[in-house]
Amino acid sequence: MSTPHDHVSPDRVVIFDTTLRDGEQCPGASMTLEEKLQVADLLDTMGVDVIEAGFPIASNGDFESVAEIARRTKRAVIAGLARAIPADIARAGEAVKAARRPRIHTFVSTSPIHLEHQMRKTQDQVIDIIAGTVAQARNLVDDIEWSAMDATRTPIDYLQRCVETAVKAGATTINLPDTVGYATPSEYEAMFRQVRAYILDRVPNGEQIVFSAHCHDDLGLAVANSLAALAGGARQIECTINGLGERAGNAALEEVVMAIRTRGDVLPYATGIEATMLTRASKLVSAVTSFPVQYNKAIVGRNAFAHESGIHQDGMLKNNTTYEIMTPDSVGVSKTSLVMGKHSGRAAFRDKLKALGYELGENALNDAFSRFKELADRKKVVYDEDIEALVDHEIAAADDRMKLVSLSVIAGSHGPQRATMKMKVDGVVATEECEGNGPVDAVFNCIQAIVPHAAKLALYQVHAVTEGTDAQAEVSVRLEDGDKAVTGRGSDPDTLVASAQAYIIALNKLATKRGSLNAQAQPAAE
C-alpha cells in the first residue's frame, strides 16, 4: 500500500490539508456532508497530498463524512483523526478503510502541563499508551501518523523518547505540532533538527520517517513556523484553506504554497499543488462556512493585488514587478473586461463564474443565473463582487431545509416596526407577522415564530458589497445554542432580506449540527 512519501524527491513537501477537521473546529464554521464532499473533491483535484477528512469517533455524522470522502476520493491519502484510545482508532480505521490510500492519524499529549492537568498520567504511562495505540493502528492500515500534542512545550529528551516509541511501533509520519501557537521560527526549526537527528541515530531506516509541522496562529507565526520546520528537516506541512481553524487559526495553505513557489531561492522545495486553483478553493471554503476572507488576506484577499498609492500605481503601469512579487493569474485571479448586465446570457454568466474561480453544477448554475437576472433588473451595474456574493449565497443555501419565500417590512421613525414573512420549511410554506424593536428585530421574530428555537444571536454585521447607493448588503449572523455556534451569510440589495437570509442559513446549519430543530411550519393562508 503506497503512501504520499513513496518515490518522492527529498525536497518535495507533502501538503496535508485539515480544513475538514481542524478548520471545522473553528467556532461557527460548520459544514454539511454535501459541502464537505465539494471541498474534498476540490482539494483532491488541486493536488493536496493528504486530506484529513474528520474525527470519526466525534459523531455519526463525522464518521459518515470521512467514510464517504474515503470512498470517492481518487488520488489523495484520506486520514481520520483518533485519540490514543482503542475505540477511537478502531472507528478511524473503519471510516478510512474504503480509501485507495488510507491513513490513521493518532495523537496524545506529551507536555508536562497536559500530562498533569489533562491526562493525569505519568511520562512512562504515556509511553506505554503510544506503543499500544500506534501498534493497534498499524494493524489496521500501513500509513500511520503520530502526533505529540503540545510538542513545543515538551522537554526535548522526553519528546525524543515518545517519537522513538511511536516509530518503533509502526508510525510512518511524525507530527510535532505547535498546538497553542507558542513557538518562534528558530525554536521550532531547532526542535525538528534535534528530534530528527535523534531518530536517524537510533532507529534503523530512520531516514524514511517523514516529519510534519502543524502550527497555530495565536502569535501570527503559523506560516513562518511551518516554513522554518522545513529547514529543520520536516517534509510535510499541515494547513487549512484561508487559515481556518481553532482560536486564531492554522497555517494558511495558500500562503505556504505561494511562499515556497515564490521564494525558491531560500526555500528550495516543491509542492504538488496547482496554484491557479487557490482562489477557487478560498472562495468555496468561505462560501460553505460563511466565513468571509479579510480584504487584506495574503494571496486570496480582495486587496491582495490592489494598488491605490500613486507611487505604486505609477510603478505598476511601467512594470508590474515593481510592486507585485506574483501575478494574479498565478493564484487563479483572472482579469476580465466582460461586463455583466440584464441582457447577459447563461454562457456569458458561466464564463464569468469560471473567471471568478467558481464551478457550479447545472442545478446550482440555473438557480444562480435566475438570481443574477433578478439582481441585474434592480442594479444599474453588476460588479464581480456582486456575483461573488450571489454565488456564495447559492452554495451556502443549496440544500437547506428552510428557505425564505418573501418578506415585507413596515418601518419608520414611529414604531413599532412590523414584518410579514413567508418561509418554506421541509416543503411547507408558513406565514407569520410580527412586531419588533426595529425592523431587523421584527424580521428575526418572524423566523422565531415559524421555527421555534433556543439559539441566541451572538453577532450581526452588515457591509456593502460594492460602492453606490444601490449596492448589495452582505449580512453575517452568528447563532449560539449551548456549546454549538454557527455562522450564516446572506446578500441582497435589501438589507432586511439579506438579514433574513443570513439568519435562516445559520439556522439550517444549527439544525444540521443538532440533528433537528422544532420546525413547526403552518400552511400559508393565501
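Just so you know, these numbers come straight off a predicted model, no measurement behind them. (Residues numbered from 1 in each chain as written. Predicted model: local features only at pLDDT ≥ 70, side-chain atom pairs only at ≥ 80, totals over all residues. Heavy atoms only, no water.)

**Some words on the sheet that holds strand S10 (residues 417-425)**
Right, so step 1: Taken together, the three strands give an open sheet; going across it, the order is S9-S10-S11, and neighbouring strands pair in antiparallel fashion. What marks the edges here is a single partner per strand, and that holds for strand S9 (402-410) and strand S11 (428-436). Averaged over all adjacent pairs, the angle separating strand axes in this sheet is 15 degrees, with direction ignored.
Right, so step 2: Of the pairings in the sheet, the one linking S9 to S10 comprises eight bridges and is antiparallel in character. Paired with Ser406 across the strands is Lys422, a residue of S10. (Pairing = 2+ DSSP bridges. Helix = DSSP H or I, 4+ residues; strand = E, 2+ residues; numbered from the N terminus. Axes fitted to C-alpha atoms, helices over the stretch in contact; angles between N-to-C directions.)

**Overview of empty space enclosed by the protein**
Right, so step 1: Under the criterion given, the structure shown has one cavity of 30 Å³ or more.
Right, so step 2: Here the largest cavity defines a volume of roughly 50 Å³.
Right, so step 3: Along the walls of the largest cavity sit Ala287, Ser290, Ala389, Asp392, His393, Ala396, Glu474, Arg489, Gly490 and Ser491, which together make up its complete lining.
Right, so step 4: Contributing elements (two or more residues each) for the lining of the largest cavity: helix H14 (384-397) and strand S14 (484-492).
Right, so step 5: Per element, the largest residue contribution to the lining of the largest cavity is four residues, and it comes from H14.
Right, so step 6: Counted by class, the lining of the largest cavity contains three nonpolar, four polar and three charged residues. (1 Å grid on protein atoms, 1.4 Å probe; cavity = no way out; pocket = protein on both sides within 12 Å on 5 of 7 lines; lining within 4 Å. Points joined across faces, edges and corners; volume = space filled by probe spheres on them. Nonpolar A, V, L, I, M, F, W, Y, C, P; charged D, E, K, R; others polar.)

**Points about the packing of helix H2 (residues 60-72) against helix H3 (residues 86-96)**
Right, so step 1: Relative orientation of the contacting elements H2 and H3 amounts to 40 degrees, with a least axis distance of 7 Å. Overall, the two elements H2 and H3 adopt an arrangement that is oblique. Residues Asn60, Phe63, Val66, Ala67 and Ala70 of H2 touch H3, and the partners they reach there are Arg91, Glu94, Ala95 and Val96.
Right, so step 2: Of the residues belonging to the contact of H2 with H3, the class tally is six nonpolar, one polar and two charged. (Parallel < 35°, antiparallel > 145°, perpendicular 65-115°, else oblique. Contact = heavy atoms within 4.5 Å.)

**Considering the side chain of Thr18**
Right, so step 1: Structurally, the position occupied by Thr18 is in the loop between strand S1 (14-17) and helix H1 (33-46).
Right, so step 2: Overall, Thr18 belongs to the buried group, its relative accessible area being 0%.
Right, so step 3: Of note is the side chain of Thr18, whose polar atom sits 2.7 Å from the side chain of Glu52.
Right, so step 4: Setting aside anything within four residues of it in sequence, one finds Thr18 in contact with Gly23, Glu52, His214, Cys239, Thr240 and Asn250. (Buried < 20%, exposed > 50% of the residue type's maximum accessible area, 1.4 Å probe, protein only. Polar contact = N/O pair within 3.5 Å; in protein donor to acceptor, adjacent residues only side chain to side chain.)

**Focus on the packing of helix H7 (residues 185-202) against helix H8 (residues 222-231)**
Relative orientation and spacing of two packed helices are given, respectively, by the angle between their axes and the distance between those axes.
Right, so step 1: Relative to each other, H7 and H8 sit at 35 degrees, their axes nearing to 8 Å. Considering the relative orientation of H7 and H8, their crossing is right-handed. Listed contacts from H8 to Pro185, Tyr188, Glu189, Phe192 and Arg193 of H7 are Ala224, Asn225, Ala228, Ala229 and Ala231. (Left-handed = near helix turned anticlockwise from the far one by under 90°.)

**Quick look at a nonpolar patch on the surface**
Right, so step 1: Together, Leu457, Tyr460 and Val462 give the surface a local cluster of nonpolar side chains, amounting to about 240 Å² of exposed area.
Right, so step 2: Take Leu457: it is sitting in strand S12 (residues 456-464).
Right, so step 3: Using a relative accessible area of 41% as the deciding quantity, one classes Leu457 as partly exposed. (Patch = residues over 30% accessible without salt bridge, like charges linked within 9 Å, V, L, I, M, F, W, Y side chains within 5 Å. Areas by Shrake-Rupley, 256 points an atom, 1.4 Å probe, with all protein chains shown as cover. Salt bridge = Lys/Arg side-chain N within 4 Å of Asp/Glu carboxyl O.)

**Notes on the layout of surface pockets**
Right, so step 1: Reported here for the second largest pocket is a volume of approximately 780 Å³.
Right, so step 2: If you trace the second largest pocket, you find 26 residues lining it, with Glu24, Ser59, Asp62, Lys484 and Lys513 closest to the centre.
Right, so step 3: For the lining of the second largest pocket, the element with the highest residue contribution is H2, accounting for four residues.

**A closer look at the state of the cysteines**
Right, so step 1: Scanning the model with the defined rule gives zero disulfides in all.
Right, so step 2: Cys162 carries a free sulfur, and the closest cysteine sulfur to it, the one in Cys215, is 19 Å from it. (Disulfide = S-S within 2.5 Å.)

**Some words on the pairing of strand S8 (residues 236-239)**
Right, so step 1: Of the two faces of S8, the one lined by Gln236 and Glu238 and the one lined by Ile237 and Cys239 are each fully buried.
Right, so step 2: At this point the chain moves from strand S7 (residues 210-214), through H8, to the parallel S8, and the crossover so formed is right-handed. (Right-handed = clockwise from strand over helix to strand, strands pointing away.)

**Section: the nonpolar core**
Right, so step 1: Trp146, Val163, Ile174, Leu176, Phe211 and Leu278 are the most contacted members of the largest nonpolar core, which totals 113 residues.
Right, so step 2: When residues in this core are grouped by element, the largest group, seven residues, is from helix H6 (residues 156-169).
Right, so step 3: If we skip the residues at most four places from it in the chain, Leu176 touches Ala148, Ala151, Leu159, Val163, Tyr188, Met191, Phe192, Val195, Phe211, Ser212 and His214. (Core = buried A, V, L, I, M, F, W, Y, C linked by side-chain atoms within 4.5 Å.)

**Notes on the environment of Asp49**
Right, so step 1: Residue placement: Asp49 occurs in the loop between H1 and strand S2 (50-54).
Right, so step 2: Separated by 33 residues in sequence, Asp49 and Phe16 place their C-alpha atoms 6.0 Å apart.
Right, so step 3: There is a polar contact of 2.9 Å between the side chain of Asp49 and the side chain of Arg12.

**A few points about the pattern of salt bridges**
Right, so step 1: A complete count under the given rule lists 29 salt bridges for this structure.
Right, so step 2: A salt bridge links Asp41 to Arg72; the nearest nitrogen and oxygen atoms lie 2.5 Å apart. Residue Asp41 is found in helix H1, and its partner Arg72 is found in helix H2; the two are separated by 31 residues along the sequence.
Right, so step 3: Among the residues examined, Asp41 registers a relative accessible area of 29% and is labelled partly exposed.
Right, so step 4: A residue is classified by how much of its surface remains accessible, and Arg72, at 33% relative accessible area, is partly exposed.

**Some words on H1**
Right, so step 1: A rise of 1.5 Å per residue sets the reference length of H1, with its 14 residues, at 20 Å; its end C-alpha atoms lie 20 Å apart and thus fit the reference within 8%.
Right, so step 2: All of the buried residues along H1 are Glu35, Lys36, Leu37, Val39, Ala40, Leu42, Leu43, Asp44 and Met46.
Right, so step 3: For H1, the secondary structure elements touched by its buried residues are S1, S2, H2, helix H9 (253-262), helix H10 (278-289) and H14.
Right, so step 4: Positive phi appears at Gly47, one or two residues downstream of H1, with a value of about 105 degrees. (Expected span 1.5 Å × (residues − 1).)

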